[in-house]
Number of protein chains: 2
Amino acid sequence: MTVNEKLNLLREKMKEYGIHAYIIPSTDPHLNEYVPDHYKSREWISGFTGSAGTVVVTLDKAILWTDGRYYIQAARQIKDSEFELYKMEKGIPNYMEFIEQNLSKGQGVGFDGKAMSCADALKMKDRFDKKGIFIKSDIDLISQIWKEDRPCLPREKLFIHDLAFAGLSLKEKLDQVLGQMEKNKVDYYIVSALDSIAWLLNLRGNDVSYIPVFISYLLISRTSVTLFIDQEKLTHEVKAYLEENKILVKDYEDIFKELAAIAPDKSILVDNSKNSYAIYSAVKKSKMVNKEDIISRLKAVKNSVEIENIKETYIKDGVAMVNFLHWLDTNIGVDEITELDVDDKLLEFRKEQEYCLGASFDTIAGYNANGAIVHYKATPENYAVLKPEGFLLLDCGGQYLSGTTDITRTIVLGDITDEQKRDFTLVLKSNIAMATAVFLEGTTGKSLDALARQPLWKFHINYKHGTGHGIGFCLSVHEGPQGFSTDIPLEPGMLVTIEPGIYKENRYGIRTENTLVVVKDKFHQEAGQFYRFEMLTYCPIDIRAIDVSLLEQHEIDWVNNYHRDTYNKLSPYLGEEQKNWLRKMTAEIGE
Amino acid sequence: MTVNEKLNLLREKMKEYGIHAYIIPSTDPHLNEYVPDHYKSREWISGFTGSAGTVVVTLDKAILWTDGRYYIQAARQIKDSEFELYKMEKGIPNYMEFIEQNLSKGQGVGFDGKAMSCADALKMKDRFDKKGIFIKSDIDLISQIWKEDRPCLPREKLFIHDLAFAGLSLKEKLDQVLGQMEKNKVDYYIVSALDSIAWLLNLRGNDVSYIPVFISYLLISRTSVTLFIDQEKLTHEVKAYLEENKILVKDYEDIFKELAAIAPDKSILVDNSKNSYAIYSAVKKSKMVNKEDIISRLKAVKNSVEIENIKETYIKDGVAMVNFLHWLDTNIGVDEITELDVDDKLLEFRKEQEYCLGASFDTIAGYNANGAIVHYKATPENYAVLKPEGFLLLDCGGQYLSGTTDITRTIVLGDITDEQKRDFTLVLKSNIAMATAVFLEGTTGKSLDALARQPLWKFHINYKHGTGHGIGFCLSVHEGPQGFSTDIPLEPGMLVTIEPGIYKENRYGIRTENTLVVVKDKFHQEAGQFYRFEMLTYCPIDIRAIDVSLLEQHEIDWVNNYHRDTYNKLSPYLGEEQKNWLRKMTAEIGE
């Protein structure tokens, strides 16, 4: 079917249902960061393969919205269809404004509530109600027209995440959750977020790229826990494990029946920022308590077993990184190396490490100008060949049974300019300023953010992304709720990345990212309990790009201490050649 | 009348009105920082003269609440009465909790809504309703029993604040206000805050200590402006000025009738954080739009004429300070000097400066251990004699027609310890960190706060007060809405103080405070508009207390540049001896 044929089929259905616009977002029922192929409806209808975008089809128009990362790609991919591209920019109507402008009072808009975030749906409800535009939120037209070639829902088997990694048993975790439900005085708690379900059950799967989760819902009451899942995915071992832990199992789609059956006088905790509109609709007759997902906060604070595992895992990941960096340094200018090779080679080195499942997200390997594109991804159609000059920005991570890693290094491939050195050094200063922060109990990440930005702001430079984020444990590399943009107090056991950057469009990008864990510092009688960050990432920061004259003495000391630790921690696991290379790369600066 | 006699009279009245508890806060109808004597009901009934406290009288108990600053004084002042002292501390019920615990369902509590902040009254309403305790909010029992010796309401004459100081005429300011009312779609706007009224009308008075305001209300509609004031206070000149500007004048108490007469379909902008409960009650039948006081934001951004005036005024104030510091340095150890003398002498030097009306707030002159008491005030009953050793913490300011100043210096009187030097230097580092901040448009003071605290937190030290506040123009020395604890974006033209400190109980206190103005810095194509602070305060920071080894080079440079500027700006206005002294006190450090 061509795109235009698909659109015609869709419009026939729209007429059947009496609606004048149909919305197809990029979301899936679990608001996954990486959407399984089965749910890629927006891609199927439009032909546009980027990760972000929304389609609205009216009876005479078909519009695709996407952001600056994808303008060129989207234009190319829709050019043979009747789709028009609307840029997500100031001055251009967004999809809600477009609908308000193109539909009249009494006309209606439809979407599949299962694949629409609750937040967006509620925003639309609020806006469209005022305009007299009605909403049909339960019509999944795509399933009616996308049949033959539609990929199945993933059906990979689940496996048990060993207690030696997880640190707390399912029972212990459930007790924590029930304690929070008690505290919040709720009878039920519905969990849509797949990483939350995997964490609680100490189970992992393989339904989503990079993140070892499995498609399911979980409903917890004060007396029972029910997992809603395609039961084909359960091995005998997993079934026995669930039974032993008294976890009931029902079919995936049964969640909606089950929610509808809850008595209206019962209260149910929902986190509407993590649920689809269909879930919201199913529970809205009960007493909804809209609160931050309980598990989200529990899993953010890593337990001591997890932290021991993470520390070891970051050493392993550092060894893989050094093996890679040594390979790159040795081969650049000798063999042809492309951005794609970087990705392959990295995975090869990571896979040598114990417990490694693969990468934890799409590697960003951006050579020179590509490094300035914050979410760059090289593809077989579009990649650069590395030359022995300038920078390679490399943001990557590994998914291990024993933890999840995330690291960015900006690597000197050959000659660099003084401006590049200055910028690299400013990013380093920014990184050190945050890494060495000491802060009182109750301090939020947001309130520390200025520490990292100040060294760059003094040079009238800013980075238009967060300073860092939390990380899951053998789960999502981006995990809330803490970070440097939110009002969540940082607590001991929380992980954060620190990743400031400088991006010069069409020229180069620099980012240095480490992962750290919040730990207790001194307690002071009058001031209270202080916290600080402890380093997890060990991998050399390219000293060839440091302009020592821009560093204060305490910053020079920090770099030298960091490199001494890096050498000591990684060298026992390196080959002789790599060890020598690392010694050179961790030499003292500032003498 | 003794306190107990007053209490008995009050209880008779309470019985008449059928209430079981009566609340007497320290507030006045305009929530002034300094309460005129007429409104000091809490002081009259209890005998306790401190600035903060609340009294609750029940039929068999009389309780005074106050905070840590006043425990000793309050205990002494109430010891011959039946009053009991309740400390405002964790574990001791606050006055609302006390009322909940001591009154039963169906019993009632009374207060004078005119002298109760709207915020507190609404909190009580919310809490007491749940307990079935009723509230009578319009009974002013104190006026019925405090008659003979009650001070009159202030009746000082108003005067016009010259355009050469104010920069914008009444008409221009009113146009700004009407523009904001238009934008907020409100028909009326009630102003209770005396500094807002004085700012808008370009009038000043003398009803409140330190702050040249006059007791009044202002009601602005789209077509008229009415000033509610004791008309005795208006000179012929002021009357003519008001008439010329079409400002209607009515009696002070008429405001309540006038508010009651507003049609219920009209909308009225109120700032409930700045209004009494009586004002809230009078407007609540109209469409209340509870928003930040319009004038508050307008007057926070100083106009260019004000800024020129302020710059000159801070030079004058610096000259007065240097004259004082020179006097102190010359006479310490020679004559006996007390904390009270410091206050007198300072005022003497300030009054020598053009346009000076007096002090802008209660001087804090705390010698050694007294410096550790954040809100210390020496009194004729309780003051220290300065000796040629240790620190004098001096926080003071001048009220000038041409601006309002606020400065803190910690002055070396003789030998100090290495610990004192270290702490002085840390406070200096903290001050420099904030003073040199560069930040993007939209940045809030709150998000910069960590910059000032970080140098102290690294040594596990904290100060339990804000990093700084806004300042009025010939108005209140503490003026919102900006500061370093609020989510208000800093804008060019806003003033802020930067005043970190270290306090060692029973030993010493250190604080260094400068006032700065937000100015535009560079505009960068991609990052946006940057702002920074420009220094207003020029007065030496005591180099005898600096441990240079703790400073980074850029901090040493900052101190030397600051002192060079200080010498250059102040020396033309100093006597020869003072000039020589200043040269010595601004000598370069770090060579």
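Residues numbered from 1 in each chain as written. Chains lettered and ligands numbered in written order. Predicted model: local features only at pLDDT ≥ 70, side-chain atom pairs only at ≥ 80, totals over all residues. Heavy atoms only, no water.

Peer 1: I keep staring at the packing of helix α16 (residues 418-435) of chain B against helix α17 (residues 445-457) of chain B and nothing clicks. Help me out?
Peer 2: Two quantities define a packed helix pair, namely the angle between the helix axes and the distance between the axes. Residue and element names in this part refer to chain B. In contact at an axis separation of 8 Å, α16 and α17 are set at 155° when each is read in the N-to-C sense. On the basis of the axis angle, α16 is roughly antiparallel to α17. Regarding α16 and α17, the two cross each other, and that crossing is right-handed. Seen from α16, the contacting residues are Leu426, Val427, Lys429, Ser430, Ala433 and Met434; seen from α17, they are Leu448, Asp449, Leu451, Ala452, Pro455 and Leu456. (Axes fitted to C-alpha atoms, helices over the stretch in contact; angles between N-to-C directions. Helix = DSSP H or I, 4+ residues; strand = E, 2+ residues; numbered from the N terminus. Parallel < 35°, antiparallel > 145°, perpendicular 65-115°, else oblique. Left-handed = near helix turned anticlockwise from the far one by under 90°. Contact = heavy atoms within 4.5 Å.)

Peer 1: Please explain the interface of chain B and chain A as it appears in this structure.
Peer 2: Interface size, as often reported, equals the accessible area lost upon joining of the parts. Of the residues lining the interface, 28 residues belong to chain B; the matching set on chain A comes to 28 residues. Among the residues chain B hides against chain A, the three largest losses belong to Trp457, His460 and Glu526 of chain B. Together they make up 27% of the total. Scanning the region where chain B abuts chain A turns up 8 residue pairs in polar contact (both at pLDDT 80 or more). Of all the elements in the fold, those that place two or more residues in the side of chain B that touches chain A are β21 (438-440), α17, β27 (514-524) and α18 (553-570) of chain B. Per-element accounting of the side of chain B that touches chain A gives the leading share, 6 residues, to α17 of chain B. Looking at side-chain class alone, the side of chain B that touches chain A contains 12 nonpolar, 9 polar and 7 charged residues. (Buried area = accessible area lost by both parts, 1.4 Å probe. Polar contact = N/O pair within 3.5 Å; in protein donor to acceptor, adjacent residues only side chain to side chain. Nonpolar A, V, L, I, M, F, W, Y, C, P; charged D, E, K, R; others polar.)

Peer 1: Help me understand the environment of leucine 174 of chain A, please; the structure alone is not making it clear to me.
Peer 2: Examined against the element boundaries, leucine 174 of chain A turns out to sit in helix α8 (residues 170-183). With residues up to four places along the chain from it excluded, the contact list for leucine 174 of chain A reads Leu200, Ile220 and Val225 of chain A.

Peer 1: Sorry if this is basic, but what is going on with the relation of the copies chain B and chain A here?
Peer 2: Here two copies of a chain appear, and what relates them is a rotation about an axis with a shift along it. Superposition record for chain B on chain A: RMSD 0.1 Å, screw rotation 180°, translation along axis 0.0 Å. As the rotation angle and translation indicate, the two copies are arranged about a two-fold axis. Across chain B, the rotation axis passes nearest the C-alpha of serine 447 of chain B, at a separation of 2.6 Å. (Least-squares fit on C-alpha atoms with pLDDT ≥ 70 in both.)

Peer 1: Before we go on, may I ask you to explain the pattern of salt bridges in this structure?
Peer 2: Residue and element names in this part refer to chain A. Tallied over the full model, the rule gives 72 salt bridges over all chains. The shortest N-O distance in the salt bridge between glutamate 534 and lysine 311 comes to 3.0 Å. Remark: lysine 311 occurs in helix α14 (residues 304-331) and glutamate 534 occurs in strand β28 (residues 528-535); sequence separation between them is 223 residues. On the basis of relative accessibility, which here comes to 29%, the residue lysine 311 falls in the partly exposed class. Residues aspartate 423 and arginine 422 are paired through a salt bridge, measuring 2.8 Å at the closest nitrogen-oxygen approach. Three or more residues joined by partner-sharing salt bridges are found here, namely Glu419, Arg422, Asp423, Lys504 and Arg507. (Salt bridge = Lys/Arg side-chain N within 4 Å of Asp/Glu carboxyl O. Buried < 20%, exposed > 50% of the residue type's maximum accessible area, 1.4 Å probe, protein only.)

Peer 1: What's the story with the sheet that holds strand β8 (residues 188-191) of chain A in this structure? I'm lost.
Peer 2: Paired through backbone hydrogen bonds, the strands of a sheet run either parallel or antiparallel to each other. Residues and elements named next belong to chain A. With respect to topology, 6 strands assemble into an open sheet ordered β12-β11-β10-β8-β13-β14, the strand pairing being mixed. The open sheet has two free edges, formed respectively by β12 (247-250) and β14 (287-290), since each of these has just one partner strand. Pairwise comparison of adjacent strand axes, ignoring direction, gives a mean angle of 25° for this sheet. Direction of pairing for strand β10 (residues 217-221) relative to strand β11 (residues 225-228): antiparallel, over a ladder of 4 bridges. If you follow leucine 219 over to β11, its bridge partner there is threonine 226. Its contacts with the sheet put helix α9 (residues 194-201) on β8, β10, β11 and β12, and the angle it makes with β10 is roughly 60°. (Pairing = 2+ DSSP bridges.)

Peer 1: Can you help me understand helix α5 (residues 118-131) of chain A in this one?
Peer 2: Given 3.6 residues per turn, any residue in an α-helix points the same way as the ones three and four places further on. Residues and elements named next belong to chain A. Between the first and last C-alpha of α5 there are 20 Å, a value that for 14 residues agrees with the 20 Å anticipated at 1.5 Å per step. Among all positions of α5, only Cys118, Ala121, Met124 and Phe128 are buried. The arc that holds the buried residues of α5, viewed along the axis, is 120°, so those residues lie on one side. (Expected span 1.5 Å × (residues − 1). Arc of directions from axis to C-beta.)

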